[in-house]
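Close look at the chain arrangement
Spelled out from the first residue to the last, the chains are:
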Amino acid sequence: LRAGDYPGALAGQRRALELARRAGMGGDRIGLLLHNISGVQRRLGDLQGALTTAEEALAAKRTALPSAHPDIALTLDAIGILRRRLSDPAGAVRLHEEALGIHERAFGPMHVRVGGTLNALAQAYVLQGRLALGRSTYERALAIWRSPGVRDLDALALAEMNLGDLLYQLED
């Protein structure tokens, strides 16, 4: 697979999904494959197809995993991002809030997965026009990314940029 060969990646993931279904693999495996397919569809620009596939992934995971499993939260976040990009910030907020609860219960309030969900949630709040809530949510994400032992500079830079954009909007 060449780097960036998304059509090839999509074909390979679909073959893997078909094989997993024929082998009778569980919903957790099927959900993971569908989640991956959704990610490739998103990269190809097929947001509606990615949303449909991600929702199928969530349904598969919900049948196979405990309701508070972190893998469910990952797919909730992915669907939330897609909903936000498809101009449904209210749907995105609902999904990110559910994912946030799962991540906090699973990992504690200062985990990097919590930070990622907070950043996505803040973006949805801003799209809803809830700027003060967006700001405080970005600040909470930044507290995680700035904490000792966290080395994800890309995530830190993204959260800093998002907060900076919001602060610029507040000045208008």
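Now for a description of the structure that goes with this document. (Residues numbered from 1 in each chain as written. Predicted model: local features only at pLDDT ≥ 70, side-chain atom pairs only at ≥ 80, totals over all residues. Heavy atoms only, no water.)

What follows concerns the packing of helix H5 (residues 89–107) against helix H6 (residues 112–127). Relative orientation of the contacting elements H5 and H6 amounts to 160 degrees, with a least axis distance of 9 Å. It follows that H5 is roughly antiparallel to H6 by the angle criterion. Handedness of the H5/H6 crossing: left-handed. Contact residues: H5 offers Pro89, Ala92, Val93, His96, Glu97, Ala99, Leu100, His103, Glu104 and Phe107, while H6 offers Arg113, Val114, Thr117, Leu118, Ala120, Leu121, Ala124, Tyr125 and Leu127. (Axes fitted to C-alpha atoms, helices over the stretch in contact; angles between N-to-C directions. Helix = DSSP H or I, 4+ residues; strand = E, 2+ residues; numbered from the N terminus. Parallel < 35°, antiparallel > 145°, perpendicular 65-115°, else oblique. Left-handed = near helix turned anticlockwise from the far one by under 90°. Contact = heavy atoms within 4.5 Å.)

Counting across every chain of the model gives eight salt bridges. Note that Glu55 is salt-bridged to Arg83, the shortest N-O span being 2.6 Å. One end of the pair, Glu55, is in helix H3 (residues 47–64); the other, Arg83, is in helix H4 (residues 70–85), with 28 residues separating them in the sequence. Taking the relative accessible area as the measure of exposure, Glu55 reaches 33% and is therefore partly exposed. Arg83 serves as the salt-bridge partner of Asp88, at 3.4 Å between the closest nitrogen and oxygen. Each of Glu55, Arg83 and Asp88 takes part in one network of salt bridges that share partners. (Salt bridge = Lys/Arg side-chain N within 4 Å of Asp/Glu carboxyl O. Buried < 20%, exposed > 50% of the residue type's maximum accessible area, 1.4 Å probe, protein only.)

On their own, these measurements won't tell you what the molecule is for.
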